[in-house]
Amino acid sequence: MTATHADYRLSQLDQLEAESIHIFREVAAEFEKPVLMFSGGKDSIVMMRLAEKAFYPAKIPFPVLQVDTGYDFPEVIACRDNWVNRLGARLIVASVEEAIKDGIVIDDGKTSRNRLQIGTLLNALEEGGFTAAFGGGRRDEEKARAKERVYSHRDEFGQWDPKNQRPELWSLYNGRIHEGEHMRIFPISNWTELDIWHYIGREGIEIPSIYFSHQRRVFERDGMLLTESDYNPLRAGETATERTVRFRTVGDLTLTGCVESEADTIDKIIDEIAIARVTERGATRGDDRFSEAAMEDRKKEGYF
Amino acid sequence: MSDLTTDLTKAEVAQESRNMDLLRFATAGSVDDGKSTLIGRLLLDSKSIFEDQLEAVEATSQSKGYDYTDLALLTDGLRSEREQGITIDVAYRYFATPTRKFIIADTPGHVQYTRNMVTGASTADLGLVLVDARQGLTEQSRRHAVILSLLRVPHLVLAVNKMDLVDYDQAVFEKIHAEFTQFATKLNIPDLQVIPISALKGDNVVERSAQMSWYSGPTLMHHLENVHVASDRDLVDVRFPVQYVVRPKSDEHHDYRGYGGMVAGGVLKPGDEVVVLPSGMTSKIAGIDLFDKEVTEAFPPMSVTVRLEDDLDVSRGDLIARVNNAPKPSQDIDAMICWMTNEPLRPRQKLAIKHTTRSARALVKDIQYRLDVNTLHRDQETRELGLNEIGRVQLRTTVPLLCDPYSKNRATGSFILIDEATGVTVGAGMINTGS
């Protein structure tokens, strides 16, 4: 048995964990068909861990859905498979490539894979008849997310209406939806980037190796360091060099930049974040940079 | 402060933050009180603002032709709010100092957004009310204090802002202080702190003001870091709403049956004699699981799985309490309700109700009075409650609720009302008594 808490205080990390477990259980109890959206990133790995804890020793009572952009890092796919196998969870992969082939989304050559993910995801949710989809969004990530509810209602087009959100009080969540609608659930809304890292460190759980410092051939584009890859041909004037880098976020590899870093342990990563001068998205996500309201626009359309 | 010192402090904060505790606080104020500026100041001075965020705000301030960086731009999230220059929804902000992590529920102050303020206050340990030193107490600041008191937010801070614009005059501060203290006697405010500040200049926010040597109390940040919140929780009356029944149905855990939930009150220990409501069946706690470990105690707000010695019929919506200390199940509910939708609440109306993990239907039997949140006047002539109005209401529920007075337990004393046709949350309730 673990030690008694003499002063009946929970650390903030334990409080966050308790709140997230509460949300997972609430959704499993009240929704007919939940699904956990897994991006492969550290946030969705923390979600997997919380779901594991919420239902232990039972298996997690919902499947895991991943949108395969076709441009995913192989390290991320490997990590995903390890997690799914260990938890004995059912994995559903929705492929952007196939969605393009089936005419569900249209690849005009200009639209990023992250944007094409939206249509692919909505289609997969609809096909699966899912009524609740867990996402790893955090409110500290971006200004538009700061106002999103834990239970975020989506209409039959998968759209979010930021001006017409349901009030959310105490820890009483309202899961009522109509036919064809669904709810996005954000169990780690109140976690910050630092909390995520502390938790990963504390729990000793596996994350994709690209989060840690490694050697990689990279090139510079629009002020970001992108990975050399067949999917991402060098343009005139660009040259790739080998550098010591790590990724702060995980996404479409043609758009996700890395930072030069020697941080090869969780503790070193925490130190690095502590003195970081730029937010994780600002530094390394090409898709958020187009306009100040870029995230809000994509969210309204049904982005994670 | 040199760059190096700044970095070290931040790294120390980072490494310590796993063990620090948490304070949730709600802010209220209108456009002109300087609330967004204050929050921007707290984020900036606690080094929670990143360079790209600050640069974006500086650029916007410049393009708008401001003389100074408008820190309020840091917190105004949605595009429509940026366009209108007001905060219309609850926004959550995060920052940490070496001792605490803070979650701010940032809410709008106008009367037409009372429901947003109620929402923000519902989870807060502390409420921060801002007044403009030049104007003194206004209807708005009184209303904010009333709402925080109704929502039983245990700690209240009145920040008298814009002291720089009244020449840091002690007399101005003392007058507001006295007036507010007088007003607060009518409310339920267990802990009040009044602080003179200038959010714009930074006086008494994080750094002690050189201009107000007459003030000997804490700075706002010092108070936020040190206010004692651990004892606000009820550690006496055991309340464990059953949320989810964990039954693995696997070969390895064939007979496992546990009740998942979040402790709403009291301390649960293995061996405790407990009663399950509403059935009234008794048993003993066989064990309390937190993932793959057993714990010796569970207390609020832990999420755990409780196993009982006897194989009882326990399901979601039931409540585990102590044999000699259990709430009385009741279908007649007397509560203060904040109404949150355009179509008014009227007698005979039927609504869905969610109380802890229990869902039922409720019939509005009577609206006793509407509370004027500005004057505390009780209007007993009222026949309905409109949007943003608060009143005392009698409900009859289809099944008994296992509830406590909200003043005793915020988790087992609160509920939400849902419109059955639209599915929208239309009301928030705080129970006076079950009868």
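The coordinates are above.
Residues numbered from 1 in each chain as written. Chains lettered and ligands numbered in written order. Predicted model: local features only at pLDDT ≥ 70, side-chain atom pairs only at ≥ 80, totals over all residues. Heavy atoms only, no water.

A. The overall build of chain B, seen in detail. Each helix and strand counted, chain B has 8 helices and 21 strands in total. Among the 435 residues that make up chain B, the fraction classed as buried is 60%. Long-range pairs, those at least 24 residues apart, make up 70% of the contacts in chain B with a sequence separation of at least 6. As presented, chain B carries roughly 17400 Å² of accessible surface, and 46% of it is formed by carbon and sulfur atoms. (Helix = DSSP H or I, 4+ residues; strand = E, 2+ residues; numbered from the N terminus. Buried < 20%, exposed > 50% of the residue type's maximum accessible area, 1.4 Å probe, protein only. Contact = heavy atoms within 4.5 Å. Areas by Shrake-Rupley, 256 points an atom, 1.4 Å probe, with all protein chains shown as cover.)

B. The arrangement of the overall build of chain A in detail. Check the secondary structure of chain A and you find 9 helices and 10 strands. Going through the 304 residues of chain A one by one, you find that 63% of them count as buried. When the accessible area of chain A is evaluated, it comes to approximately 11600 Å², of which 46% is carbon and sulfur surface.

C. Highlighting the sheet that holds strand β2 (residues 64-68) of chain A. All names here are of chain A. Strand order in this open sheet of 6 strands is β3-β2-β1-β4-β6-β5, and the pairing throughout is mixed. Because the sheet does not close on itself, it has two edges, and the strands there are β3 (91-95) and β5 (151-154). Put simply, the sheet's adjacent strands are angled 30° from each other on average, direction ignored. (Pairing = 2+ DSSP bridges. Axes fitted to C-alpha atoms, helices over the stretch in contact; angles between N-to-C directions.)

D. Focus on the nonpolar core. Grouped together as the largest cluster of nonpolar side chains are 78 residues, with contacts concentrated most on B:F25, B:L151 and B:V160. With sequence-adjacent residues up to four places away left out, B:F25 is seen in contact with B:L42, B:F95, B:F102, B:I103, B:I104, B:A105, B:A124, B:L126, B:L128 and B:L224. With 64 residues, the next largest nonpolar core counts A:A54, A:M183, A:W191 and A:I205 among its residues. (Core = buried A, V, L, I, M, F, W, Y, C linked by side-chain atoms within 4.5 Å.)

E. Summary view of the side chain of B:N409. Residues and elements named next belong to chain B. With respect to the helices and strands, the residue N409 is situated in the loop between β19 (390-401) and β20 (414-418). Given the relative accessible area of 5%, N409 is considered buried. From its side chain, N409 meets the backbone oxygen of A264 in a polar contact 3.0 Å long. Ignoring any residue separated from it by four or fewer positions in sequence, one finds N409 in contact with D234, R239, A264, G265 and D404. (Polar contact = N/O pair within 3.5 Å; in protein donor to acceptor, adjacent residues only side chain to side chain.)

F. Structural view of helix α2 (residues 42-55) of chain A. Helix length check: α2(A) (14 residues) gives 21 Å between terminal C-alpha atoms against 20 Å at 1.5 Å per residue, within 8%. With 14 of 14 residues buried, α2(A) is to be regarded as a mostly interior element. (Expected span 1.5 Å × (residues − 1).)

G. Quick look at the pairing of strand β1 (residues 34-37) of chain A. Residue and element names in this part refer to chain A. Of the two faces of β1, the one carrying P34 and L36 and the one carrying V35 and M37 are both buried. Both β1 and strand β4 (residues 132-134) contribute to a ladder of 3 bridges, which runs parallel. Note that in β4 the partner of P34 across the bridge is A132. Summarising the sheet, β1 and β2 pair through 2 bridges and their orientation is parallel.

H. Seen up close, the environment of A:D107. All names here are of chain A. Counting through the fold element by element, D107 comes out in the loop between α4 (96-101) and α5 (113-128). Taking relative accessible area as the criterion, D107 reaches 35% and is therefore assigned partly exposed. Along the primary structure D107 and V96 are separated by 11 residues, whereas in three dimensions their C-alpha atoms are 9.5 Å apart.

I. Focus on the packing of helix α5 (residues 114-122) of chain B against helix α6 (residues 139-150) of chain B. All names here are of chain B. Running from amino to carboxyl end, α5 crosses α6 at an angle of 45°, the nearest separation of the two axes being 9 Å. Taken as axis vectors, α5 and α6 run oblique relative to one another. Taken as a pair, α5 and α6 cross one another with a handedness that is right-handed. In contact with T114, M117, V118 and A121 of α5, α6 contributes R143, H144, I147 and L148. Per-class residue counts for the contact of α5 with α6 are 5 nonpolar, 2 polar and 1 charged. (Parallel < 35°, antiparallel > 145°, perpendicular 65-115°, else oblique. Left-handed = near helix turned anticlockwise from the far one by under 90°. Nonpolar A, V, L, I, M, F, W, Y, C, P; charged D, E, K, R; others polar.)

J. Geometry of the pattern of salt bridges. Going through the model one piece at a time under the given rule, you end up with 50 salt bridges over all chains. Here A:D43 makes a salt bridge to A:R138, at a shortest N to O gap of 2.9 Å. Of the two residues, A:D43 sits in helix α2 while A:R138 sits in the loop between β4 and β5, which places them 95 residues apart along the sequence. Its relative accessible area of 12% is what places A:D43 among the buried residues. A salt bridge links B:R346 to B:E384; its shortest N-O distance comes to 2.9 Å. Of this pair, B:R346 sits in the loop between β15 (330-339) and β16 (350-355) while B:E384 is found in the loop between β18 (378-379) and β19, placing the two residues 38 residues apart along the sequence. Given the relative accessible area of 36%, B:R346 is considered partly exposed. Residue classification places B:E384 among the partly exposed positions, given a relative accessible area of 30%. One network of salt bridges, in which partners are shared, links A:D14, A:E17, A:R49, A:E52, A:K53, A:R86, A:R202 and A:E203. (Salt bridge = Lys/Arg side-chain N within 4 Å of Asp/Glu carboxyl O.)

K. Spotlight on helix α2 (residues 35-45) of chain B. All names here are of chain B. The element α2 is extensively covered by neighbouring structure, given that 9 of its 11 residues are classed as buried. All buried positions along α2 are accounted for by K35, S36, T37, L38, I39, G40, R41, L42 and L43. Among the residues trailing α2, K47 stands out with phi positive, at a value near 60°.

L. Local environment of the packing of aromatic side chains. Scanning all chains against the criterion turns up 19 aromatic pairs over all chains. Taking 5.5 Å as the distance between ring centres and 85° as the angle between the ring planes, the aromatic pair formed by A:W197 and A:Y211 counts as edge-to-face. Pair noted here: A:W197 is in helix α6 (residues 193-203) and A:Y211 is in the loop between α6 and β7 (214-221), with a separation of 14 residues, a long-range link. What makes A:Y211 buried here is its relative accessible area of 1%. Feature note: the residues A:F24, A:F55, A:F62, A:F134 and B:Y244 constitute an aromatic cluster, connected by ring pairs. Just above the ring of A:F130 sits the side chain of A:K33; from NZ or CZ to the centre is 5.3 Å. For the cation-ring pair, A:R86 lies above A:W83, with the distance from its terminal atom to the ring centre recorded as 4.8 Å. (Phe/Tyr/Trp six-rings, centres within 6.5 Å; stacked < 30°, edge-to-face > 60°. Lys NZ or Arg CZ within 6 Å of the ring centre and 35° of its normal.)

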